[in-house]
Each structure stands twice: as C-alpha cells, then as structure tokens.
Amino acid sequence: MSAPAVLRSAAFAVVFAVAVLLGRATVMDGTSLSLVWPAAGVAVVWFAAQRSAGTVRLDLALLSVTTFVLNAVTGASPALAVCFVGANVLQVLVFGVLFARWCPRAWGAGGREPLTGVGQLMRLLAAAVVATGAGALLGPTAVWALSGTWSWVTTLVWMTRNTASILLLASAGFRVGCLLSARRARSGAAGGHEDVVAPVRLPRGWQRVELLALSVCAAGAYALVFVVYDGLPVAFPLIALAVWAALRFDTTVVLVLDVAMGVAAVALTLTGHGPFALIADDATRAIVVQLYVAMLAVVGLALAMSRDERDVLLASMALSTAASERLAVEAATLRAEAEARGELTAAVLESVDVGIVVADERGRLTMFNRTAQRWHGLDADASLDPSQHAGRYDLFTAGGRTPLSDDDVPLHRVLREGSVADAEIVLAPAGRPALTVVCSGRRMTRPDGSALGAVVVMADVSADRALRRDLEEARREAGAQADRLQAAFDASLVGNVDLTLEGTVLRANPAAAAMLGRSPADLVGRHWAVHVHPDDRSAADLGRDVAGDLRLQHRDGGIVHTHVSTAVVRDTAGRAVHLTTQVLDVSDRVAAEEGVRRQRDVSTRLLQALSDLGEGVLVEHDDQVTYANDALARLTGRGTASLLALPSSLLLVPEDEQAAWAARRTFVPGQVRAALPSVTALRHSGGTTVPVEVTCVPLPDAGGRATLTLVRDLSDQRRAQDALARSNEQLLEANRLKDDLVATLSHDLRQPLSTTTGFAELLLDDWQGLSEEDRRGHLTRIQKAGRWANDLLEDILTMAQLDAGPPVPRTARLHVPALVADVVDRLAVPAGSVDTTGVQDVTVLADRGHLEQVLTNLVGNAFKYGRPPVRVTARRRGDDVLLDVVDAGEGVPPEFVPHLFDRFARATTGTAAGQKGTGLGLFIARELVNANGGDLVYQPAGGGGSRFTLTLNAIPAPGGARTELSGAVELP
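Keep in mind it's a predicted model, so treat the numbers as computed, not measured.

Trainee: Account for the overall build of the protein, with residues named and values stated.
Mentor: Each helix and strand counted, the protein has 26 helices and 23 strands in total. Looking at the protein as a whole, 43% of its 972 residues qualify as buried. Carbon and sulfur atoms make up 58% of the accessible area of the protein, which totals about 48,100 Å².

Structure, rendered in structure tokens:
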C-alpha cells in the first residue's frame with residue numbers, strides 16, 4: 001500500500017462525505033429516505049479507481065465510518081445508520097463484481113478501455129439496477145423495521161435514485177478516469193503500446209457557437225418548463241436537448257450537460273417548481289424525477305457512446321494497419337540482422353585453424369570449413385553415400401597405411417555412439433602431404449530430442465607426432481651409446497673392489513682379481529690387507545677417502561704396482577656404509593712414459609679439436625688436474641692455468657661427486673673401459689652451476705694413474721627441454737580453450753540461429769495464413785533468439801578483448817543509488833521484485849559501462865538462477881564501498897563454487913542445469929571489477945540463496961548526493 005494510494009482513498013472519502021451531506025439534505029418528510037443520493041455514484045467511482053491500489057480494506061473502513069457518522073449527525077438513528085452502512089457496502093461490492101464480470105476490459109472493471117457502445121451502457125445500467133436492488137433489500141427494509149413504515153414505492157425510490165446516481169456519476173467518473181489513465185500511459189510508454197481511446201473532441205470554431213446556443217436553449221427551456229409554465233407536464237420533451245448534445249458534441253460534453261440538466265431538475269423540484277412538483281406523493285415525485293434523470297443519461301449516453309464505439313473501431317483499424325506496417329519493417333530488419341549474424345558465424349568458422357566437418361542425421365556431409373577444405377583438397381559432397389567417405393577423402397588409420405573402415409570414420413562413430421574424443425586418423429589425399437589429425441565431436445539434437453546431425457573438429461598434430469618420433473629415435477640412439485659405453489667399461493683395465501669398513505672384501509671385478517692372479521671368488525671374504533705388500537700396509541689406510549700408489553702381492557709372489565683410490569660410501573643420513581676401491585695396474589707406466597710423450601702431441605691436437613667442438617676435456621693424474629681444454633675453462637669460468645692448480649673434486653657439485661665420477665677410480669692394467677655417461681653439475685666461478693654430462697675413461701699411463709673425462713654442456717638442452725615443456729603446457733591450454741569455444745559455438749550459437757531461421761521461414765511461407773497473434777509470437781521468438789545469439793557473441797568478443805590485455809577503465813565518480821535504479825529499470829523486472837532500500841547514498845570511482853555490465857549480470861543471474869525477492873544493498877566500509885546482490889534461490893552448488901568464476905564454467909546440477917548461458921558472465925564480471933581496482937566474491941546467503949559482494953573504491957561526497965550525481969542523473 002503506497003502513500004499516494006492512501007491519499008487518494010482519503011480524498012475519495014472527503015468527496016463521498018460531501019455527497020452524503022447533499023443526499024441527506026434531500027430527506028423527504030416523514031421518511032428517512034433522500035430524494036437523491038449522489039453518494040452511490042461517488043462510491044462506485046471510488047472503488048473502481050482504487051481497484052488495483054491494494055487499499056480495499058482501508059476503503060471499506062473509510063466508507064463505513066463516513067456513512068455512519070454523517071447519517072448519525074444528520075438525524076439518522078445509530079441503528080438506521082448501521083443499516084445504511086451495510087446497504088452502501090453491499091451495493092458497491094455487488095456493482096464491482098457484476099461490472100467486472102460483464103465489462104472486464106472497461107476502465108473501472110480492471111481493464112483500460114473506455115465505455116463505448118449501447119451494449120456496455122446497458123451492462124452498466126443492469127449492474128447498477130442489480131446492485132441498488134441488493135442495497136434496497138437492506139436499506140428500505142431497515143427503515144421499515146425501525147420506523148414501521150414500508151412500501152414498494154419506498155423501495156422503488158431507493159433503487160431509482162441510486163441507479164440514476166450510479167448511471168450518471170459512474171459514467172462521468174469512468175470517462176475521466178479512462179482519459180487520465182490513457183494520458184499517463186502515453187507519457188510513460190516511450191514509444192510502446194498505446195490503448196485505443198475515443199479522443200476528447202473539444203468544440204472548435206462554429207461548434208463553440210453551437211454549444212453556446214445549446215446552453216442558452218437548455219437554460220431557456222428549463223426556465224419555461226420548470227418556472228414560467230411549471231403547471232404543464234411537458235418535462236420529457238426536454239430530452240431532445242440531450243439528443244442534440246449527443247449528436248453534435250463529445251461524450252464528455254454530453255455527460256456535463258446531462259449532469260447539469262439532472263441537477264437542475266432535482267433542485268427545481270425540491271424548491272417546488274416544475275411539473276414534477278405537482279405530484280403530491282413524495283415517493284412518487286422522487287421516482288418520477290429520478291426516472292427523468294436516468295432517461296436523460298440513457299438517451300444522451302447511448303447516442304454518444306455509439307459514436308465513440310464507431311470511433312474506437314476506426315482508430316483500432318488504423319492502429320492495426322500501422323502495426324502491420326511496423327511489423328513488416330521490423331521483420332525486414334530482423335532478417336537483415338540474421339543474415340549479418342550468419343555471415344559473422346561463417347567468418348568465425350572459416351577463420352579457426354582447426355578443421356570442422358558437419359553431417360546431417362543420415363551421415364551425409366553438409367559443411368566443410370576452409371581449413372577442412374584445404375586439408376582434404378575437396379569440399380563437402382552432400383550427394384556422397386556415407387560408406388564412401390573414407391575412400392573419397394583418403395582417410396587412414398593412425399599408422400597412415402591402412403585405409404579407415406566405414407565404422408571407424410569419426411562422423412559415423414559420433415552418429416552411432418553420441419560422441420568421439422581424441423580419435424587419431426591420417427589424411428593422405430593424393431598429391432598432398434599426409435596429416436595426422438586428432439578428431440573430437442558429438443551428436444547434435446533438436447529441442448525434441450531427435451537427431452539433427454553431427455559435428456567433428458579435427459586438430460593437426462603432425463608436428464607433435466614428428467617430434468615424438470624424433471624423441472624415440474634419440475632414445476634409441478642414447479641406448480645404443482649406453483651399450484657401447486657399458487662394453488667399454490667392462491673391458492676397462494681398472495679393478496673395482498668393495499670393502500667393509502674393517503677391510504673385508506665384499507666383491508671384486510675380474511680386472512682386480514686378475515691383478516692378484518686370483519678369481520673374484522678367491523678375494524671375497526678375505527681381508528684386503530693380506531694382498532698388500534708388507535712395506536705398504538701402513539699406506540693402505542682404511543675408513544677414509546684416500547688415493548695413492550700401492551704395491552700388491554701377486555699369487556705367484558710377484559709385485560704388482562698399482563694406483564689405488566679408496567672412497568667411503570655413505571647413506572642418505574651421512575653414515576659410512578662401506579668402502580669402494582679402484583685399483584689401476586701401473587706396472588707398465590714407466591715403460592710406457594716414453595711412448596706417452598711421443599703421443600702427447602697427437603693427444604694435444606685431438607683434445608684441442610674436442611675443445612673446438614665444445615666438448616670439455618679433463619685429464620687427471622692421481623686426482624690432480626694435468627690437462628684442461630678451453631671448453632672446460634669456459635664451462636667453469638676459470639682460466640686453463642688456474643684449473644691445473646686444482647684437484648678435480650673441487651670442480652664438482654658435492655652432492656653429485658660420488659655418483660658421477662666413481663668410474664675414474666677403476667683401473668685395470670692393459671684395459672680401457674669407459675664408464676656410463678652421467679649427468680651432474682660443475683661449479684662455476686661466478687657461484688652458479690652448469691649442468692653437464694660426463695663420461696670418464698681410465699687411461700693406462702706408465703707414469704701414474706690417469707683418467708680422461710669428457711664433459712658436455714647440457715645448458716642448451718635443458719633450456720630446450722624447459723621450452724618444450726612450456727610449449728606443451730601452452731598447447732594443452734590452447735586446445736582446452738579451443739574445445740570450449742568450439743563447443744559453445746557449435747551448440748549455444750546454433751540453437752538461436754536455428755530458431756531465427758525456422759520462424760523466419762515460417763513467416764515468409766505462411767504470412768497470410770497466420771493470425772496477428774501468431775505473427776507477433778513468431779517475431780517475438782525471432783527477436784529473443786537474435787538477442788540470445790548477440791549476447792553469446794558479445795560475451796565471446798569481450799573474452800577475446802580480455803585475453804588481448806586487461807581493459808583500461810574510463811573512471812568517473814558514480815552515484816551508486818542512481819546507477820542501481822537505472823540498471824533495475826532497464827532489466828524490466830516485475831515491480832517490487834527488487835528491494836533497493838538498502839542502497840545507501842555512496843559514491844565510487846569506476847568505469848560506468850563496466851559497472852553497469854557487472855550489475856546487470858549479477859541482478860539478471862539472481863532472477864535467472866535464483867528466486868525473488870532480490871535485494872541490492874550498498875554500504876561504505878572504510879575506504880571501500882561494498883555492494884551486495886542477494887537472491888532467495890537455492891544458491892550455488894558447493895562442488896561448483898571453486899569454478900564459479902572460470903571461463904565457460906556452467907553448473908550441471910541445481911537450478912542452473914536447465915538454464916541457457918555461455919559460462920562467461922561471471923568470468924567477465926570479475927575481470928572488469930579487477931580492472932577497476934575492486935574485487936567480486938561469492939558466499940552463500942543466510943537462509944539460502946546467493947550473495948555476490950562487489951568491492952569498489954569509495955569517494956567522499958562533501959557536496960552531498962546532488963554534487964556526485966552531476967552528469968550521472970538529472971535532478972529536479
């Protein structure tokens with residue numbers, strides 16, 4: 001119940017009170033009945049005007065109180081006043097029910113049309129007669145019960161006076177109310193629908209002269225009949241004046257003249273003038289006067305409303321013609337828009353780098369996009385039988401040699417199974433390079449569930465498959481290289497012996513056992529010291545890392561000169577586990593020194609060549625660097641001279657030393673056996689590390705124990721691997737986004753386009769055979785489908801703009817209450833379904849277009865996925881403004897909350913499962929809010945529903961809301 005509605009009720013109560021006083025002033029002597037009762041007509045107009053205001057209880061209370069008080073004050077007893085209250089209430093309620101049933105489209109009965117034609121006038125008269133009859137059952141009966149006087153004449157007086165009042169005043173009131181309502185509708189329609197109302201034709205030119213003549217004639221005629229010749233019963237010929245007015249002037253003028261003549265007749269009769277004053281009986285006089293007034297109203301209004309009915313029909317025909325022309329223009333516009341959208345869709349399909357193939361429900365091809373045409377070298381052939389697709393378009397299995405069977409064609413599988421994901425085939429058209437493609441697709445269905453066809457998307461993975469083949473080849477090559485290195489290690493002259501911490505032999509390789517003239521089994525379980533020359537046993541220090549020359553005793557008693565390196569093997573906790581010893585026979589070293597010197601020049605040139613190739617070379621003698629080439633110097637960031645002064649162990653990263661360089665400890669006289677290449681890291685002088693692959697080869701050297709180590713820089717390879725991993729991740733993400741986009745285009749965009757095309761064709765084919773309502777309905781569906789497709793494309797284009805870079809907001813000072821009101825008005829939601837009373841007077845700094853788009857999305861989602869009432873609140877907290885949009889729906893399913901703001905995210909359960917959408921709205925909304933320096937979050941609302949909270953930067957408003965609204969709204 002609004003304040004204006006209450007004020008209108010109060011105003012009607014005042015008018016009703018005046019009418020009651022006027023009626024009570026005409027009470028006939030000896031009775032409690034009035035000669036006239038204008039309050040009956042006022043009450044009918046009152047309740048008709050307030051029918052949809054929601055004040056019916058207030059109106060009934062005001063009507064009852066006013067009737068009781070005024071009747072009691074003007075002389076009626078309390079009991080009689082109560083009876084009059086009941087009669088008036090019953091009378092107005094019965095009239096309202098009957099008039100609404102018989103004239104439902106008329107103003108005052110819940111409709112918006114004016115009273116036109118004799119038929120509606122008669123229904124109004126009939127409703128008045130029945131209503132006053134119902135009131136007469138209570139009013140006159142109460143008078144009889146209280147006064148002891150009752151007659152049918154009294155009841156007839158009640159009915160005639162109230163019927164005349166309702167007929168005359170209700171007709172005038174309904175006329176004025178309809179005209180005011182139509183005027184408000186036109187002013188607020190802004191180009192929308194207007195009701196067809198007979199126009200008010202005010203007198204112009206000579207009509208004004210005629211109206212003046214009519215008024216003079218009426219005054220003169222009433223003076224003659226009611227004053228000068230008041231003894232003559234010639235009142236009824238005065239009805240000709242009403243006929244004159246009805247034939248020549250507007251209905252409003254007729255109503256005014258009828259009211260004036262009726263009032264004049266009643267007033268003159270009350271003063272004892274005129275032919276009706278000659279009637280001695282008061283009741284009969286009242287009946288005759290009221291019949292005269294009713295006759296004036298019926299005759300005048302019947303003629304005037306008949307003319308109005310004709311005018312309304314002519315105006316309706318004109319509006320229908322204009323509407324038809326407007327609809328034709330709109331249809332042409334929609335057809336042009338549909339064609340433009342079709343061109344845009346075709347452009348999108350032609351611009352993507354994946355092949356798209358579409359077939360109908362029978363499997364016959366209907367479309368290839370440009371990429372598919374280029375790959376096949378052919379366009380889609382709709383006349384081709386589906387069993388010929390594999391042969392005609394050169395489809396092969398993943399190996400590229402076996403033709404694809406008809407059952408394995410991806411399109412056929414989609415039609416048969418419903419969907420296909422990541423099916424790999426080969427396109428090998430004659431004269432063109434073969435392409436390996438991965439196919440994904442799904443079946444398309446009509447709204448009724450019947451099959452519509454299938455769509456398959458093909459992605460070229462030829463480059464990826466070639467890369468995989470190259471990697472496999474590289475792995476095979478690396479395996480072969482590893483086998484060669486293992487063979488070299490097995491042929492090495494270096495002996496390897498594993499010992500316990502106390503020196504007991506755990507295992508020994510054949511090279512070590514051969515140095516002692518024994519088999520490996522002879523050594524296991526015996527203490528290593530028994531094989532050491534007695535003079536060198538003190539040098540064979542166990543339990544720590546040592547290296548040096550050591551003489552061993554051969555089984556035949558001979559001496560074997562060796563270079564032994566012992567290292568402590570530790571577990572992950574750093575505890576010593578066992579010892580590993582490399583034994584290198586150096587007996588021939590001295591003899592070989594001369595030969596080594598002769599070969600040194602050749603070795604130097606060879607090592608330099610390796611340096612030129614980028615391979616680092618390191619030669620060690622007794623763990624001391626004796627040679628390092630330029631490539632190794634570059635890898636370590638040191639000069640060659642400085643490397644020669646360092647132990648080789650200082651070049652390694654400590655945690656990798658044992659695993660990567662253990663092979664250089666093994667030495668077997670007369671054998672050279674390379675270790676497997678190991679990946680480790682070198683220390684760089686700048687504090688960084690360099691990833692390298694090392695291969696250690698023991699070198700027989702008569703002058704001591706030597707090891708050759710080849711070092712290959714893996715930095716470029718690591719960078720290439722990292723780049724390849726990043727590229728794979730980017731490719732996976734691009735494929736996912738591509739799949740989402742194609743799925744959206746192929747499903748969500750196809751449906752509105754199909755709807756638009758279908759109903760447009762229906763209108764073109766059967767325009768004349770469709771009713772106006774069907775045409776309007778089809779055009780409305782076309783318009784909705786067009787808007788749906790446009791919204792989808794707008795979301796996708798906005799997403800593309802966001803991917804290209806964050807939007808740059810055009811920030812301005814925005815008054816939040818005005819902005820919220822503007823968004824709610826544009827959404828055209830039902831009145832009262834959005835509660836904005838909690839929007840405080842706050843101002844923010846943001847881009848108006850961005851904020852309008854975000855609010856429109858949030859409020860629209862509240863109605864789409866939730867339930868009204870929807871509450872919008874805004875409040876200030878510190879330097880921020882918090883704007884909440886809360887609905888009373890089911891809320892977001894908990895499992896979907898983490899993905900709520902992801903692109904293309906759509907819930908598959910709850911209310912959202914049956915709604916249409918792209919899944920981009922909230923993603924775009926958050927991106928726009930973040931671009932404006934704010935944030936958008938979701939949380940369940942108390943008592944159920946969803947709450948989306950928008951946080952923006954607040955701006956103090958020292959000048960008040962009127963200053964902040966400058967440029968945003970127009971203040972009065």
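Next comes the rest of the write-up.
Trainee: I'd love a proper account of the sheet that holds strand S1 (residues 355-360), names of residues and values included.
Mentor: Spatial ordering of the open sheet is given by S2-S1-S6-S5-S4-S3, a layout of 6 strands whose pairing is antiparallel. Each of the sheet's edge strands pairs with one partner strand only, and the pair in question is strand S2 (365-368) and strand S3 (395-396). Inspection of the sheet shows S1 paired to S2 by 3 bridges, in the antiparallel sense. Its bridge partner lying in S2, Val358 is registered against Met367.

Trainee: Summarise the packing of helix H23 (residues 816-827) against helix H24 (residues 848-865); cite the residues concerned and give the values.
Mentor: Contact geometry of H23 with H24 gives a least axis separation of 10 Å together with a crossing angle of 55°. Between H23 and H24, the angle falls in the class oblique. Pair H23 / H24 crosses with right-handed handedness. Taking contact as the criterion, the partners of Leu819, Val820, Asp822, Val823, Arg826 and Leu827 in H23 are, on H24, Arg848, Leu851, Glu852, Leu855, Thr856, Val859 and Gly860.

Trainee: An account of the nonpolar core is needed here, citing residue identities and associated values.
Mentor: Phe95, Phe99, Phe174, Tyr222 and Tyr292 are the most contacted members of the largest nonpolar core, which has 78 residues in total. Here this core takes 12 residues from helix H10 (residues 282-351), the largest share from any one element. The contacts of Phe174, once residues within four sequence positions are left out, are Val44, Val45, Ala48, Phe95, Phe99, Trp107, Gly108, Leu115 and Leu124. In terms of nonpolar packing, the next biggest core, distinct from the first, is built from 40 residues, Ala846, Val885, Leu936 and Phe948 among them.

Trainee: Explain the sheet that holds strand S21 (residues 880-886) residue by residue, including any values.
Mentor: An order of S18-S20-S21-S23-S22 is seen for the 5 strands of this open sheet, with the pairing classed as mixed. Where the open sheet ends on each side, the last strands, each with one partner, are strand S18 (834-839) and strand S22 (935-940). The sheet shows a mean angle of 20° between the axes of neighbouring strands, taken without regard to direction. With 4 bridges joining them, S18 and strand S20 (residues 870-877) adopt parallel strand pairing. Paired with Gly838 across the bridge in S20 is Thr873. Here H23 sits on the sheet and contacts S18, S20 and S21; the angle it forms with S18, its principal contact strand, is near 175°. Contacts from helix H25 (residues 921-931) reach S22 and strand S23 (946-953), with the element oriented near 135° to S22.

Trainee: Provide a residue-level description of the environment of Leu241, including the pertinent values.
Mentor: Tracing the sequence through the fold places Leu241 in helix H8 (residues 239-248). Separated by 55 residues in the primary sequence, Leu241 and Leu296 have C-alpha atoms spaced 9.0 Å apart. For Leu241, the contacting residues outside a window of four places in its chain are Leu214, Cys217, Ala218, Ala221, Tyr222, Leu257 and Met261.

Trainee: Which residues make up a nonpolar patch on the surface, and what values go with them?
Mentor: Where nonpolar side chains cluster on the molecular surface, the patch consists of Leu224, Val227, Val228, Tyr229, Leu232 and Val234 and spans about 520 Å² of accessible area. Assignment of secondary structure puts Leu232 in the loop between helix H7 (206-228) and H8.

Trainee: Account for helix H3 (residues 56-73), with residues named and values stated.
Mentor: When the terminal C-alpha atoms of H3 are compared, their 26 Å separation across 18 residues agrees well with the 26 Å that a helix rising 1.5 Å per residue should span. Every buried residue belonging to H3 is among Asp59, Leu63, Thr66, Thr67, Leu70 and Asn71, and all of these are buried. Each buried residue of H3 lies within a common arc of 110° when the element is viewed along its axis, so the set occupies one face. Looking at H3, the residues exposed on the side facing more than 90 degrees away from the buried face are Arg57, Val65 and Val73. Tucked inside the fold, the buried residues of H3 contact helix H1 (3-24), helix H2 (39-49) and helix H4 (78-102). Backbone geometry just after H3 places Gly75 at a positive phi near 115°.

Parameters at a glance
- Residues numbered from 1 in each chain as written.
- Predicted model: local features only at pLDDT ≥ 70, side-chain atom pairs only at ≥ 80, totals over all residues.
- Heavy atoms only, no water.
- Helix = DSSP H or I, 4+ residues; strand = E, 2+ residues; numbered from the N terminus.
- Buried < 20%, exposed > 50% of the residue type's maximum accessible area, 1.4 Å probe, protein only.
- Areas by Shrake-Rupley, 256 points an atom, 1.4 Å probe, with all protein chains shown as cover.
- Pairing = 2+ DSSP bridges.
- Axes fitted to C-alpha atoms, helices over the stretch in contact; angles between N-to-C directions.
- Parallel < 35°, antiparallel > 145°, perpendicular 65-115°, else oblique.
- Left-handed = near helix turned anticlockwise from the far one by under 90°.
- Contact = heavy atoms within 4.5 Å.
- Core = buried A, V, L, I, M, F, W, Y, C linked by side-chain atoms within 4.5 Å.
- Patch = residues over 30% accessible without salt bridge, like charges linked within 9 Å, V, L, I, M, F, W, Y side chains within 5 Å.
- Salt bridge = Lys/Arg side-chain N within 4 Å of Asp/Glu carboxyl O.
- Expected span 1.5 Å × (residues − 1).
- Arc of directions from axis to C-beta.

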